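Reading the structure
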Amino acid sequence: MIALSRYQLSLMLRSHRWIPPAVLFILGVVLLGGTSGPAVAHGAGLAPGLSWSALMLVPATAWLTRSALTAEPAAARACVAAAGGPRRAQLAALVAALLAGVVFGVAGVVWELTRIGVLRTQGTNAIRVGATLAVVGTGIGAALICLLVGSAIGALFNPPIILPPAAAMLGTTAAVVFALAWNGSPANAAVRSAGYGTKATSWPPGLPALAAVGLLAVAWTVSALVAARRSG
Amino acid sequence: MRLDQVGKRYGIRLPWVVRDVSLDVLPGKLVRLEGRNGTGKSTLLRIMAGVSVPSRGKVTGRPVTGFVPERFPPALPFSARDYLGHVGRMHGVNGDSLAKRIEACLGRMGGMEFADVPLRNMSKGMCQKVAVAQALLPRFGLLVLDEAWTGLDVEAKAALDEAVAERLDRGGSVVFVDHDPARLSHLEAERWRVEAGAVTRVEAGAARAGGTPGSARAGGTAGSARAGGSGDSAQAGEYRGSHRAAKGARRRASRAAASGVLIEIAGWPGGVRFDRVRGVSAVDQDDDRLTVLVEPEASDHVLRGLLAAGPDVHVLGVQVQDGGER
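On a predicted model such as this, the values are computed, not experimentally measured, just so you know.

Core analysis: the largest hydrophobic core is formed by 143 residues, its most contacted members being Cys146(A), Val149(A) and Val144(B). Among the elements that make up this core, the one with the highest residue count is helix α3 (residues 46-69) of chain A (15 residues). Contact partners of Cys146(A), with chain neighbours within four places excluded, come to Ala54(A), Leu55(A), Leu57(A), Val58(A), Ala187(A), Ala190(A) and Val191(A). Grouped together as the second largest cluster of nonpolar side chains are 13 residues, Ile263(B), Trp268(B), Val292(B) and Ala298(B) included.

Turning our eyes to something else, we now look at the interface of chain A and chain B. The partner chain B presents 28 residues to the 25 residues of chain A that form the contact. Where the side of chain A that touches chain B is concerned, the elements lending two or more residues are α1 (2-14), α4 (74-84) and α9 (207-230) of chain A. Counting residues per element, the side of chain A that touches chain B draws most heavily on α4(A), which supplies nine residues. A per-class count over the side of chain A that touches chain B returns 15 nonpolar, six polar and four charged.

This part covers the packing of helix α2 (residues 19-32) of chain A against α3(A). Residues and elements named next belong to chain A. For the pair α2 and α3, the least separation of the axes is 9 Å and the interaxial angle reads 170°. Comparing the axis directions of α2 and α3 gives the class roughly antiparallel. Across from Pro-20, Pro-21, Leu-24, Phe-25, Gly-28 and Val-29 in α2, the residues of α3 making contact are Ser-53, Met-56, Pro-59, Ala-60, Trp-63, Leu-64 and Ser-67. Split into classes, the residues belonging to the contact of α2 with α3 amount to 10 nonpolar, three polar and no charged.

Here the focus is the pairing of strand β3 (residues 30-34) of chain B. Residue and element names in this part refer to chain B. Most of β3 is tucked away: four of the five residues are buried. Relative to strand β7 (residues 173-177), β3 is paired through four bridges, and the arrangement is parallel. Pairing of Leu-30 across the sheet is with Val-174, part of β7. Strand direction decides the pairing type here: β3 and strand β8 (residues 190-195), joined by four bridges, are parallel.

Calculation rules
Residues numbered from 1 in each chain as written. Chains lettered and ligands numbered in written order. Predicted model: local features only at pLDDT ≥ 70, side-chain atom pairs only at ≥ 80, totals over all residues. Core = buried A, V, L, I, M, F, W, Y, C linked by C-beta atoms within 7 Å. Buried ≥ 20, exposed ≤ 12 C-beta atoms within 10 Å, placed from the backbone. Helix = DSSP H or I, 4+ residues; strand = E, 2+ residues; numbered from the N terminus. Contact = placed C-beta atoms within 7 Å. Nonpolar A, V, L, I, M, F, W, Y, C, P; charged D, E, K, R; others polar. Axes fitted to C-alpha atoms, helices over the stretch in contact; angles between N-to-C directions. Parallel < 35°, antiparallel > 145°, perpendicular 65-115°, else oblique. Pairing = 2+ DSSP bridges.

Read these as geometric descriptors, not functional statements.
Structure, rendered in structure tokens:
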């Protein structure tokens, strides 16, 4: 599995298929995110900033996943599937996209911390270590949930489950919008609880993470099973 | 490897591409699938290679597998060496032995001069050489060739033929499809005809009707309806211990009737085994002297394999033995 994932990661990196989703993520975080939070004083904008970059991970990871799933010609996939098994070959592509998404997520957190800075006490300007760690922790948690949701969407709405490119791309886009806008989506709940927007979420803590893990497990399993059935 | 009642279709409402295929591929066997375009040969090959999972039935005992597709498009962003490295690691080969294996496989196909050229910049033939090389990376096990000779130059075609013979000698098995009826005709192959998704054994000509003990056994079990659960499990047990069983069978065969071609060899390198080779009925080793009893049909390729085993090997004598029972 490690060799398969290494191959898929290398394929992603060398094929430059990570660049379009990276551009989307950078534009989303830098251009749109800059105006999202309130005034950037005393680090007050850190929580909204982190939650916005987490939110942008959903479309970016979904696109990364599409890139990974369409990177290989069928014949090359067949050779790899003979060596490692068709299900594991598919899972390796999903793992590679998820790992690339993690890199995006880390870049997002670093960017928000440099742009906004840590939380400080008004007047004395002392660093509020505990509060900063809590905000960053919640932001990273939201980012992880968004990663999982983005990966699940990418897996469910792309080959081998949905083959025609137009249907796959429209489906992916619609699912991403739905996952972000709908109240019942774990990504929406995670981003809200991390400080995006004004309305709090009604989800109990921990449930968005559980829902995201479940969604990912279902999506990856279906994708791997269909890959093994459809290939050939 | 055994296929048991295997069927494949690409959707519940779609027709079966292959259906109720039961056949065994035994170690040391060469299997040729024949049939017109669109009869399900490629689908069956892909199921045998483990690339595709059957919709019905099951495949058991599939060894390490290398698969060569008919066309390997020049699309991957790797050099040949890097690509082979990735596939080698998937087979669990690492470090120095991986580098050596890559050189051996790519060199054999005549591809070392473009080892560092990206696959994207390669011609169809160059890509096909890399595709063959990646399937040869594991030394043993099953080799599945889907018109793998397409696009190869004459030398590379011969090298692939040689690699197939070597794989069979080592006790591996090879399954192939090719539209050239002369392809690998110098090797003894079990032929299966694929027609409208069903598979039937093509009986070899009268000259080969005797065959080797292995092929006779394969013919007995494959394709025929297997009756009863107990018979099934007994066969499965025999299959799992097939090497041991084959050895025992050879020993019995040599006691019963020592007929065949007797080859005597001197200068045999120590530690090299030669008892899993197709067509060999009995082996007797005394220091560097080796006496091998071979089926008459297999004597040429066994001789070739013996001579290639070491630099000091030389043939002392070859004689036809008549066991008296014939």
